[in-house]
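Structural overview
Letter by letter, the chains look like this.
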Amino acid sequence: MRRHLDHGVTVALVLAAGVAGAQLTPGSVGTGSSPAPGTGSTSSPSTSTPGTSPAPATPDLTAPSTDTPTAAPGRGTPSGTRPPRVGTGGPNLPPGPPSIAPSTIEETPGSQGGGPGISPAPVQEPATEAEQAKDTVTEAPDSEAKPARPAPLTLAQLVARARESDSRVEEASAELRRFHALYDQARWAWFPKFEITVGAGGPTPEARNDGLGGPPTTPATLKGDLNFGRVGVTVFSTGNAVLPIYTFGKLTALEKAGAQGPVLGSALRERVRNEVGFQAAQAYFGFQLAQNGLHQIEEVSKRLEDAGERIDRLLKEDSGQVSAVDAHKVRFFRQIVEAQRAEALQGRQLALAAIGLLANAGPDDAVTVVEEELELDEDVPVPSLDQSLARAEAYRPELTAIAAGIAAREQEVFIRERSYYPDLGIAGFYDVRFTSSATRQRTPFAFDPFNDRTAGVGLVMRGTFDIPVKDALLAQARAELDKLRAQEKQIRAGIRLEVAKVHSELVAAWSRARSFGEAQRSARRWVTAAFTAFDLGTGDTRDLVDAFTAYAQASGGKGRSWHDVRVGMAALSRVTGAPIAPGE
């Protein structure tokens, strides 16, 4: 009977390891896979839009606790809950038969329903840990002191850091500055364009008369010979400008169109921020799932080692309870566990690499995150589908962006329609010249290209008569406007589909998490009852095998479901246009 018991425990524990190791890839939502950071794509339907808009925060979407209370990321630690920790394991698996006795079975604190549970491993007292640390750690000289390691990042800190320092956010911020510059250009389109020319040249021949347009007074002034007289130089400056005073609304429309640029740029940046924040949450929860899986694998490895030692001892005693086949099975399962450990380590390494990339950490910067349980410690209802759709309609960045694009195109169409009308303005000019070898003419009737001084201001009208070209440009602008309006319909339909998909996945994940939580508690009580019956001699090994198998399946399913819940909550915040809430 003991042989069957060891075999059943081994199978159940390996099953738990396999279930945990199969979910180590960070960033999975439901059954979809996570995009790599920088791809900007998610499992939801993509909507090709010109940008996004700022979105208000969404109420914290958290889930009710179904088992042991844990501290959610970003929240203070309430009374009676366990704070997030670094380098600690997940919930312990049920111990194997060699270390379990009826006297070690007790009620698990925090479990609902008051059912019996497996007692946790003893925890060392803080005072003892402090004394050990005091005895084993010595102070290093100041010259050899190592720099303090940065504090582990919480989810809220990681999301905030990614939203501000990711390279894609920096790119979107630069694009926003360009839109502001374009808006300034549109606002100052009325400002006159001064065209000024300044020059000097020479030599210039002598040109002398009485200053009243009379005949030359020196022989060198006469033309047709090589007598240039006393040559000089010419200095001149000319300029002109036009100030528009009435353009039939074209300048006003241009300023309105330019004002949509900053709106569009802000929307683009907010869309990128939301995407980066969601990817940070994916990487964070992927790390938590991988870390919890590693702790479960460690427990499995210890139980398999105990089972192998017990089988070896019974074989040496020539006990009829076990055979050499049982020893081969244990060695096989231990190798399977080692393979699962390699997959878990790879998943954790990938998650940490993604976290470092999203946090914009340097190649030599160590990035660590707070380790926590995936299960939420409070019951926060999920918004209904109608509420989520209404929130997306009001705050989704793509809708604000497409609205800004449509407004800009409407102003462009207006400008093209008014391009048939001329522009009215005030024009001014001046022309100043000085030549050292020429006499300045004092009468306005004399032409004086050497020493001219003229200036003037007048009312002007300017326009072109390229009517066919203007017709073509107007048709193009109207087609672009109709294209954007069609895209708006597609975006709205895509957003509704995306919200409905994410919402249904979140509701399903919540249902699975609650069901697996109840199943785990029932399986725990089942394991306790099966062990008690076996020790009393009233139960058989089949009940133990079934109980441990059920417990392993429920534990693995519960971890996956809570991972899906946490990532689903972050995804719902993203598709409704809100940044990741601190508790997600």
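Thresholds applied
- Residues numbered from 1 in each chain as written.
- Predicted model: local features only at pLDDT ≥ 70, side-chain atom pairs only at ≥ 80, totals over all residues.
- Heavy atoms only, no water.
- Helix = DSSP H or I, 4+ residues; strand = E, 2+ residues; numbered from the N terminus.
- Buried < 20%, exposed > 50% of the residue type's maximum accessible area, 1.4 Å probe, protein only.
- Contact = heavy atoms within 4.5 Å.
- Core = buried A, V, L, I, M, F, W, Y, C linked by side-chain atoms within 4.5 Å.
- Axes fitted to C-alpha atoms, helices over the stretch in contact; angles between N-to-C directions.
- Parallel < 35°, antiparallel > 145°, perpendicular 65-115°, else oblique.
- Pairing = 2+ DSSP bridges.
- pLDDT = per-residue confidence, 0-100.
- Phe/Tyr/Trp six-rings, centres within 6.5 Å; stacked < 30°, edge-to-face > 60°.
- Lys NZ or Arg CZ within 6 Å of the ring centre and 35° of its normal.
- Salt bridge = Lys/Arg side-chain N within 4 Å of Asp/Glu carboxyl O.

In this section: the overall build of the protein chain. On a plain count of helices and strands, the protein chain comes out with 10 helices and six strands. The 584 residues of the protein chain split such that 43% are buried. Put simply, of all contacts in the protein chain between residues at least 6 apart along the chain, 86% involve residues at least 24 apart.

Okay, the nonpolar core next. Of all hydrophobic cores here, the largest spans 51 residues; its most connected members are Leu 158, Tyr 284, Phe 285, Ile 355, Trp 562 and Val 565. Where this core is concerned, the elements lending two or more residues are helix H3 (155–165), helix H5 (250–316), helix H6 (324–358), helix H7 (385–395), helix H8 (397–418), helix H9 (467–536) and helix H10 (541–575). Ranked by residue count, the leading element in this core is H9, at 12 residues. The next biggest cluster of nonpolar side chains, apart from the first, holds six residues, and it includes Leu 294, Leu 304, Phe 333 and Val 337.

Most peptide bonds adopt trans geometry, and most residues besides glycine take a negative phi value. Cis geometry marks the peptide bond from Gly 202 to Pro 203; its omega dihedral reads 0°. Structurally, the position occupied by Pro 203 is in strand E3 (residues 195–204). In this structure, Phe 248 takes a positive phi of about 60° despite not being glycine. Secondary-structure assignment places Phe 248 in the loop between strand E4 (232–246) and H5.

Packed helices, taken two at a time, are described by the angle between their axes plus the distance between the axes. Where H3 contacts helix H4 (residues 167–187), the axes come no closer than 5 Å and their chain directions differ by 45°. Overall, the two elements H3 and H4 adopt an arrangement that is oblique. Contact residues: Ala 162, Arg 163, Glu 164 and Ser 165 in H3; Ser 167, Val 169 and Glu 170 in H4.

Before going further, it helps to spend a moment on the pairing of strand E6 (residues 453–462). Counting buried positions along E6 gives zero out of 10 residues, so the element sits mostly on the surface. As judged from the 10 bridges shared by strand E5 (residues 423–435) and E6, these two strands associate in the antiparallel manner. Pairing of Asp 431 across the sheet is with Thr 454, part of E6.

Attention shifts here to the sheet that holds E3. Strand order in the open sheet formed by four strands is E3-E4-E5-E6, and the pairing between neighbours is antiparallel. The sheet terminates laterally at E3 and E6, the two strands that pair on one side only. Between one strand axis and the next, the sheet turns through 15° on average, direction left out of account.

When pLDDT is averaged along the protein chain, the result is 74, and 69% of the positions lie at 70 or above. Throughout residues 1–143 the model reports pLDDT below 50, and contacts reaching past four residues in sequence, or to other chains, amount to 364 contacts.

The next thing to look at is the packing of aromatic side chains. Under the counting rule described, the total for this entry stands at eight aromatic pairs. When the centroid spacing of 6.0 Å and the interplanar angle of 75° are considered together, the rings of Trp 188 and Phe 191 count as edge-to-face. Judged by relative accessible area, Phe 191 falls into the partly exposed class, the value being 44%. Judged by centre distance (5.4 Å) and plane angle (80°), the ring pair of Tyr 284 and Phe 285 falls under edge-to-face. A residue is classified by how much of its surface remains accessible, and Tyr 284, at 0% relative accessible area, is buried. Judged by relative accessible area, Phe 285 falls into the buried class, the value being 0%. Feature note: the residues Trp 188, Trp 190, Phe 191 and Phe 194 constitute an aromatic cluster, connected by ring pairs. Here Arg 187 stacks its cationic end above the ring of Tyr 183, 5.3 Å away from the centre of that ring. Over the aromatic face of Phe 278 sits the side chain of Arg 574, whose NZ or CZ is 5.1 Å from the ring centroid.

Here we take up the pairing of E4. Relative to E4, E3 is paired through eight bridges, and the arrangement is antiparallel. Looking at E4, one finds that Gly 201 is bridged to Thr 234. One ladder, built from 12 bridges, connects E4 with E5; its direction is antiparallel. From the neighbouring strand, Phe 236 faces E5, where its bridge partner is Arg 433.

Looking now at the pattern of salt bridges. A side chain of one charge can pair with a side chain of the opposite charge when the charged atoms of the two come close. Scanning the entire structure with this criterion turns up 26 salt bridges. A salt bridge links Arg 163 to Glu 270, with the shortest nitrogen-to-oxygen separation between them at 3.1 Å. With Arg 163 in helix H3 and Glu 270 in helix H5, the pair connects residues that are 107 residues apart, well separated along the chain. Of the charged contacts in the structure, one is a salt bridge between Arg 273 and Glu 164, with a shortest N-O distance of 3.6 Å. In this pair, Arg 273 sits in helix H5 while Glu 164 sits in helix H3, placing the two residues 109 residues apart along the sequence. The exposure class of Arg 273 is buried, given its relative accessible area of 14%. When salt bridges that share partners are traced, they join Arg 271, Glu 275, Arg 396, Glu 398, Glu 498 and Arg 574 into one network.

Next up on the list: the environment of Arg 303. In this fold, Arg 303 is placed in helix H5. Note on Arg 303: relative accessible area 19%, which makes it buried. As a C-alpha pair, Arg 303 and Arg 334 span 31 residues in sequence and 9.9 Å in three-dimensional space.

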